[in-house]
Amino acid sequence: SSGINAEYGGIIGCIGACSGKSGLLNIYFVVVLIFVILEIVVIVLAVVKKNDFEDAFVETGTELFTEYKTEANDATPDLDEVKVVGVNVAQFTFECCGVDTGSSWWGNRNGAAVFAPGCCSNFDSQTFENSIQAGLTQEKMLITQCPDDGEVFQVGCQEQANALANAFSTVIIIVVAVLIAFEILCLVAACVSKKRDLVA
């Protein structure tokens, strides 16, 4: 709807400039000014709320990963299939492993380092889902090596989430800043056009 409103504002501005009617230019000026203010608010929120997003993401993710890890170390693991698949798909999608220390976060079993299957670069969610439907075991939840020479992601998911949040907020700020600069130019143009009309 904001795009439609901006389009209407642009039409009003064009009509005002072509017809020389200052009333329409005034409306255009106010509409664009409102958009500039709203976009500044978006930039402020992107900066201020970024940490809140990261904290909420980390808290929720840590709880889920810890629950998975606890069950995986139980002789008879009992965890909802959706959570089991979700933890692994999340790691594969974001190319991370564990919460904050990479694959080492998962610990070891019988002296051998273990990690969730989703930490593997060649993780197949469908194959994994089919395997756990036949029964959930420690060996399926935490493995010692990736199949077919797959590589293990070494970046923790918390670190990866922070990096993504930073990149996302930076993109938002740049895009909005460019829009604001363009709209300010439009405001200046509207003022100049109005001033010429008054002089004429």
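Model, not experiment: these values are computed from the prediction. (Residues numbered from 1 in each chain as written. Predicted model: local features only at pLDDT ≥ 70, side-chain atom pairs only at ≥ 80, totals over all residues. Heavy atoms only, no water.)

Undergrad: What is the right way to read the state of the cysteines from this model?
TA: Should the sulfur atoms of two cysteines be covalently bonded, the bond is a disulfide. Following the criterion strictly, the structure yields three disulfides and no others. Here Cys96 connects covalently by a disulfide to Cys157, the sulfurs 2.0 Å from one another. As the torsion about the S-S bond is roughly 85 degrees, the Cys96-Cys157 disulfide counts as right-handed. Of this pair, Cys96 sits in the loop between α4 (81-94) and β1 (108-109) while Cys157 sits in helix α7 (residues 157-199), placing them 61 residues apart in sequence. (Disulfide = S-S within 2.5 Å. Helix = DSSP H or I, 4+ residues; strand = E, 2+ residues; numbered from the N terminus.)

Undergrad: Looking at this structure, I do not really get a nonpolar patch on the surface. What am I missing?
TA: Side chains of Leu33, Ile37, Val41 and Leu45 sit close together on the surface and give an oily, nonpolar patch of about 330 Å² of accessible area. As for its placement among the helices and strands, Val41 is situated in helix α2 (residues 22-48). Val41 sits in the partly exposed class, given a relative accessible area of 41%. (Patch = residues over 30% accessible without salt bridge, like charges linked within 9 Å, V, L, I, M, F, W, Y side chains within 5 Å. Areas by Shrake-Rupley, 256 points an atom, 1.4 Å probe, with all protein chains shown as cover. Salt bridge = Lys/Arg side-chain N within 4 Å of Asp/Glu carboxyl O. Buried < 20%, exposed > 50% of the residue type's maximum accessible area, 1.4 Å probe, protein only.)

Undergrad: Can you walk me through the packing of aromatic side chains in this structure?
TA: To describe a pair of aromatic rings, one takes the distance between the centres and the angle between the planes. Inspection of the entire model under this criterion finds six aromatic pairs. Ring centres of Phe65 and Trp105 lie 6.3 Å apart, and the angle between their planes is 65 degrees; this geometry places the pair in the edge-to-face category. Pair noted here: Phe65 is in helix α3 (residues 50-72) and Trp105 is in the loop between α4 and β1, with a separation of 40 residues, a long-range link. We classify Trp105 as buried; its relative accessible area is 15%. Grouped by ring-pair contacts, the aromatic residues Phe65, Tyr68, Trp105 and Trp106 constitute a single cluster. Lying across the ring of Trp105, Lys69 places its NZ or CZ 4.4 Å from the centre. (Phe/Tyr/Trp six-rings, centres within 6.5 Å; stacked < 30°, edge-to-face > 60°. Lys NZ or Arg CZ within 6 Å of the ring centre and 35° of its normal.)

Undergrad: How should I be thinking about the pattern of salt bridges in this particular structure?
TA: Should the charged atoms of two oppositely charged side chains come close, the side chains can pair. Using the criterion set out here, one finds one salt bridge in the structure. Note that Glu67 is salt-bridged to Lys83, the shortest N-O span being 3.3 Å. In this pair, Glu67 is assigned in helix α3 and Lys83 in helix α4, connecting sequence segments 16 residues apart. Here Glu67 falls in the partly exposed class, since its relative accessible area comes to 31%. Owing to a relative accessible area of 32%, Lys83 belongs among the partly exposed residues under this scheme.

Undergrad: Just checking my understanding: could you explain the side chain of Asn88 for this structure?
TA: Residue position: Asn88 is located in helix α4. A relative accessible area of 0% means that Asn88 is categorised as buried. Separated by 2.7 Å, the side chain of Asn88 and the backbone nitrogen of Gly118 make a polar contact. Ignoring anything within four residues of it in the chain, the contact list for Asn88 reads Tyr68, Ala116, Pro117, Gly118, Phe123 and Phe128. (Polar contact = N/O pair within 3.5 Å; in protein donor to acceptor, adjacent residues only side chain to side chain. Contact = heavy atoms within 4.5 Å.)

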